[in-house]
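Reading the structure
Okay, here's what each chain looks like letter by letter:
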Amino acid sequence: MEALFQAMLGGLVLGLIYVAIAVGLTIIFGTLRLVNFAHGAFYAIGAYVGLVIAQHIGVGWAFVAAPIAVALFAVLLDRLVLRSFYDKEPTAQLLVTFGIALVVEETLRLIFGATTQQYRMPEALQGSVTLGPITYPAYRLLFAAGVIVMLALVWLFIERTNYGLIVRAGIRDRIMVQLLGGNIRQASTIVFALGAAIAGLVGAAATPIYSIDPATGFAFLVPSFVVVVVGGLGSFWGAVLGGLLIGELQSLTNLAYAPASNVVIYLCMALVLLLRPQGLLGESEVIRQ
Amino acid sequence: MTTSSETAPVAPARPGLLAADARFAVLCALGIAVFPFLLHPLGGYSTLATQIAIVSIASIGFNLLLGYAGSLSYGHAMFYGGGGYLAAILLLRVSPQHPNLWLCVIGATVGAAILAIVVGAVTVRLYGIYFALLTLAFAQMVYFIVEQAKDWTNGDDGLQALPNALLPMGPWNIDLTTHLPSIDLGPFGNLGELRLWYIFAGICLLLVLMLSRMLTRSQFGEVLGAIRENEQRSTLIGFNASAYRLAAFAISGALTGFSGALRGMFDGSVPVDSLSIDRSGSFVIYTIVGGVQTLFGPVAGTAVIMFLENVLSARTPAWRLIEGLIFVGVIVFLPRGLSTVLKQQRDKSPRGLFVRSLRLSTEEPDPLLKPSGEGHKGGPMSIIETFKLGKLFGRFAAVRDVDFRVDPGELRAVIGPNGAGKTTFFNLLSGTIAPSSGTVNYKGRDVSRTSGTARVHLGIAKAFQTASLYPDQTVRQNCRLAALARVQGSFALQVFRRSMRLDDVDNLAERAMSRLELTGVADTRAGDLSHGDKKRLDIAIALATQPQILLLDEPVAGMSKDEARKTEALIRKLSTEMTVLVIEHDMEMVMGISDSITVLHQGTVLATGTPAEIRDNPRVIEAYLGGHSEAELTHG
């Protein structure tokens, strides 16, 4: 019973990471119609920036520097390379972002080596909290709470700001939004940077829990794409539902029959694609391209 | 045939074609024969040369799917690794005493093809990221199964130290590990460094190259290309897009499995890595770097990357970074790949230099355009009829309880204000969407659940509101594709023949063009046509499928007055030979050409009658014009 609770809490933490990455993917797709295979790279860059800052300056600064650095990188990438791929077919976008992911991963490997690394939290956060029958590391709970707060802020951004309006409208009808013209260019940049910053911040914050190596970005990216597909491309709540579902599924399968934990999410995705191709909370109007 | 001198470059006679094939084969064979010796001064790896020849086969298979069917698979490792494992298991389990290479390799190829058909059956309906992710998902499942089936596959360690399989050829059992006779070739090394394996792999590669060339130039390749260019149009001229995709996926998977099996047999081991995501990614890299949609691109890409990897990976830890930079660089700066730098991309020669005699086009009756069953109007049997037809989008009823009947030979206009459900109604008739309720009967037969593609073959064709064409093809080729669908049916694995040879197709296409007065622009790229010509070409495409009922969605929308009148006259002429349904806002045209008119309003039928009846119907005037004068109804 205790193991089950542990697994469920673990699934929640893992699921929230997926949610955070998937929300970034979804809002970027909605606004820019860009299928971004390089999104995992943002996570990895955030994690390494966080690692360096935490080890040399302080953990608090890591949480500030990581999202900013990743957002800057994303804007640069957008301007230099991705911008010319917005109007291309999704396959071309997949290919170029896959290439970028490869380049980032290998650059990180050259700089930081292939070994798994981690930084430790300050003493104050290293304790455990007792929740009924189980004790759980305090930092993990704090992390979960932090991600939930961050997601709430993102939701407010989407629902309550003008930029968010463009995101929502873009998911429905990209062309109409383009016709409205004006600040969509600026909005795209902001949304792209925001999506990247979320991944970077989560990367930095999750490193004390999951540790990091150069391949971690891709390792988190693929399940996050599964989350997006399961939840419904372009749907915020789809990403949330899908992320928690996949996180729990993976964690509980790991408890029941560990070798299957990596394959169960693909089974889940295949089922969803067959039975409800637009995803659990996806709108059928969003064209499957 | 008097035009033979003109047709010669287009449809060369058979001997010439064979000569071209033979020349191609000889040049390829020469290239493959010279390759290891060219590699020698660069570092001299006879093993590498064989591996490149083998892996190139997988890249060619991958390119068939990405380049010609337009689907990016991120799971081809399941076929490559799957082929390797199958071959190794056959080797170890079936006849370990007398390992037979044919058995292992052919068995593995068949196995990979079956896997591809099973996986393809669920994946080919998906596109873009969905297709990529689902293929990746299946590859991960295969990886998982192989890793868990330790008794058969040895789990994470892979199958190592496989016995050497012999190649039975008639009375001989050939040992491919035999070295060639030792002959010194100066700077190009020594012939004796190569094993018989290279010759075997080279012959396999040669055959696969010839197969790939044949496939892409065949009728099958032509239709596959059409589906990639415009799937919506392709299904509505009568091609079964899913079947074509599935066939391409199966062939691609089989070739990749073949390659994986050869590699396993050559290396004498099958690592579990051969099933990994990285492996799948490598085929993407090889093919893109070399050049998609080219015959030699995948081979060139495989050779360049594998060679660089071999040379650089030992010297610098940055090899994978260099590989990634090459890949991104090629995508951004050379989207068509390295191989296109070497030679100027040959212009696709416009297919038709020949213009057929226009004698066919004029007034005489046309035997290829079947007159509709009962020529006289008001016969006992309707050609198309709907009962209580309805379509819901969410909670919105776009079409509700529509009872509709058209007699053979009739020209019926469907009019109504914007949002009345006219286009949805046409989509229900053509089968692009399925009804939520009610039925569609065609010649007394319920076709409500029949696909759009099948309905084209029954004789229902449609021209779109926004012309749906193959913009990169000539006008003639646009019509030929539609005619081809009529002549060959919805699917044909016709890989040996080129469609150019089919006279029926040519005749149908030429006639469709002349009907719509497009013969003058027959060799123009469809994308370069004027708006009016595009709209007429769309009708010509529908016509080339030999329909008995033609659905025209706003055929003159956006045309100038003169063009509209010209098109109107063409439609009127068509209506003498078939049933025509037309949605149109141009009231002058509607009142001028229709035998009868149906008015849709808010998804339901408001009125049906002759133009005069409709013009005087007060409910129509009320609904349609919101109370405007009759003059506006008459003069648009």
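First, a word on what this report is: a plain description of the structure on this page. These numbers were taken from a predicted model, which means no experiment stands behind them. (Residues numbered from 1 in each chain as written. Chains lettered and ligands numbered in written order. Predicted model: local features only at pLDDT ≥ 70, side-chain atom pairs only at ≥ 80, totals over all residues. Heavy atoms only, no water.)

**Examining the nonpolar core**
The following threshold applies: To define a nonpolar core, start from buried Ala, Val, Leu, Ile, Met, Phe, Trp, Tyr and Cys residues and group those joined through side-chain atoms within 4.5 Å. Exposure classes here rest on a 1.4 Å probe applied to the protein chains alone. A residue is buried below 20% of its type maximum, exposed above 50%, and partly exposed in between. Secondary structure elements follow DSSP: runs of H or I of four or more residues count as helices, runs of E of two or more count as strands, with numbering from the N terminus. Contacts between residues were defined by any pair of non-hydrogen atoms, one from each residue, lying within 4.5 Å.
Within the largest apolar cluster, 263 residues are counted, with the highest numbers of intra-cluster contacts made by A:F143, B:M265, B:L537 and B:L550. Per-element accounting of this core gives the leading share, 16 residues, to helix 1 (residues 2-32) of chain A. Sequence-distant contacts of B:L537, that is, excluding residues within four places in its chain, are made with B:L469, B:V475, B:N478, B:C479, B:L518, B:A526 and B:L529. Formed by 22 residues, the second largest nonpolar core is a distinct cluster that contains B:I384, B:L389, B:A420 and B:I583.

**Points about the packing of helix 5 (residues 101-123) of chain B against helix 11 (residues 241-267) of chain B**
All names here are of chain B. As a reminder, the rule being used: A fitted line through C-alpha atoms serves as each axis, taken over the contacting stretch for helices, and the angle formed by two N-to-C directions is quoted from 0 to 180°. A clockwise turn of the near helix away from the far one marks a right-handed crossing, whereas an anticlockwise turn of less than a right angle marks a left-handed crossing. Charged residues are taken to be Asp, Glu, Lys and Arg, nonpolar residues to be Ala, Val, Leu, Ile, Met, Phe, Trp, Tyr, Cys and Pro, and polar residues to be all remaining types, Gly included.
For the pair helix 5 and helix 11, interaxial distance at closest approach is 7 Å and the crossing angle is 145°. Crossing angle aside, the handedness with which helix 5 passes helix 11 is right-handed. For the contact of helix 5 with helix 11, a count of residues per class yields 18 nonpolar, 5 polar and no charged.

**What about the side chain of B:R412?**
Residues and elements named next belong to chain B. Operational definition: Two N or O atoms count as a polar contact when they lie within 3.5 Å, although within protein this holds only if one can serve as hydrogen donor and the other as acceptor, and sequence-adjacent residues are included solely when both atoms are side-chain atoms.
You can see R412 is positioned in strand 5 (residues 411-415). Given a relative accessible area of 5%, R412 falls into the buried group. Among the polar contacts listed, one links the side chain of R412 to the side chain of S596, at a separation of 2.7 Å. Not counting chain neighbours up to four residues away, the residues in contact with R412 comprise F404, R405, V406, V580, L581, V582, S596, I597, T598 and T608.

**A few points about the packing of aromatic side chains**
Where we set the bar: Between rings of Phe, Tyr and Trp, where Trp is taken as its six-membered ring, a pair exists when centres lie within 6.5 Å; planes separated by under 30 degrees are stacked, by over 60 edge-to-face, and by other angles tilted. Geometrically, a lysine NZ or arginine CZ counts as sitting over a ring once it is within 6 Å of the ring centre and also within 35 degrees of the ring normal.
Scanning the model with the defined rule gives 26 aromatic pairs over all chains in all. Arranged with centres 4.7 Å apart and planes meeting at 45°, the rings of A:Y43 and A:F220 form a pair that is tilted. Taken as a pair, A:Y43 in helix 2 (residues 39-56) and A:F220 in helix 9 (residues 216-231) lie far apart in primary sequence, 177 residues in all. Neither residue differs from the other here; A:Y43 and A:F220 are each classed as buried. Each ring, one from B:Y80 and one from B:F283, has its centre 5.2 Å from the other, and the planes form 65°; the classification is edge-to-face. Here the residue B:Y80 occupies a position in helix 4 (residues 77-93), and B:F283 occupies one in helix 12 (residues 277-290), the gap between them amounting to 203 residues. The exposure classification of B:Y80 matches that of B:F283, with both residues buried. The ring of A:F85 has A:K88 sitting right over it, with the charged end atom 4.3 Å from the ring centre. Across the ring face of B:F24, the terminal group of B:R213 is positioned such that the distance to the ring centre comes to 4.5 Å.

Taken by themselves, the reported measurements are silent on function.
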